[in-house]
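So the chains spell out like this:
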Amino acid sequence: MPGAGPLVPPAPTLELSGDGRAVGSTGVNRWFAPYRADAAGDGSLTFGSAGVTRMAAASADLATQEIRYLDALSRTDGYRLRGQRLKLRSDRRTVLVFETDKPDDTTGGR
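What comes next concerns the included structure. Here the structure is a predicted model, which is why all the values come from computation and not from measurement. (Residues numbered from 1 in each chain as written. Predicted model: local features only at pLDDT ≥ 70, side-chain atom pairs only at ≥ 80, totals over all residues. Heavy atoms only, no water.)

1. A closer look at the overall build of the protein
Regarding its fold elements, the protein presents 1 helix and 7 strands. Mapped from its N terminus to its C terminus, the protein presents α and β elements in the order β-β-β-β-β-α-β-β. The buried share of the protein, reckoned over its 110 residues, is 34%. Of all intrachain contacts in the protein linking residues separated by at least 6 positions in sequence, the fraction that spans at least 24 positions is 44%. Element-wise, carbon and sulfur atoms account for 50% of the exposed surface of the protein, whose accessible area totals about 6600 Å². (Helix = DSSP H or I, 4+ residues; strand = E, 2+ residues; numbered from the N terminus. Buried < 20%, exposed > 50% of the residue type's maximum accessible area, 1.4 Å probe, protein only. Contact = heavy atoms within 4.5 Å. Areas by Shrake-Rupley, 256 points an atom, 1.4 Å probe, with all protein chains shown as cover.)

As structure tokens, then:
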């Protein structure tokens, strides 16, 4: 979550597969959702409804982090990828930032 980083470790994660499935961790629970992206066009990216495992958070901070993370994913409408940094965006504002495993020169427009 921009500016603050994760509230407490472990940090949330995101993996996007080539077949339109996204998976990751909220720092508490695993999650999965369909996604749609336009890599060659305008940099649009949206996530469908997420399924989430139901483990209890070890602290109120982790529970808050999970809620904020899932909310940011649901509001995502675009992305920007430069080098190893992926920024998820909503209304042209960055809502989440990730460091990727592979360098890429792709730039999304939103």
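Having put the structure on the table, let's press on.
2. Some points on the nonpolar core
In terms of nonpolar packing, the biggest core is built from 17 residues, with Leu14, Trp31, Phe47, Leu88 and Leu96 touching the most fellow members. Phe47 has contacts with Leu14, Leu16, Ala22, Trp31, Pro34, Tyr35, Leu73, Thr76 and Leu88, leaving out every residue within four places of it along the chain. (Core = buried A, V, L, I, M, F, W, Y, C linked by side-chain atoms within 4.5 Å.)

3. Observations regarding unusual backbone geometry
With a phi close to 50°, Asp91 is a non-glycine residue in the positive phi region. Structurally, Asp91 is set in the loop between β6 (78-90) and β7 (93-104). Its identity as a non-glycine residue notwithstanding, Arg92 has a phi of 65°, on the positive side. Mapped onto the fold, Arg92 is located in the loop between β6 and β7.

4. Considering the pairing of strand β3 (residues 30-37)
Note that strand β2 (residues 21-25) and β3 share 5 bridges and pair antiparallel. Bridging across to β3, Ser25 finds its partner in Arg30. In this sheet, strand β5 (residues 51-52) lies alongside β3 in antiparallel orientation, the contact comprising 2 bridges. Looking at the pairing, Phe32 lines up with Gly51 of β5. By the bridge criterion, 3 bridges tie β3 to strand β4 (residues 45-47) in an arrangement that is antiparallel. Its bridge partner lying in β4, Ala37 is registered against Leu45. (Pairing = 2+ DSSP bridges.)

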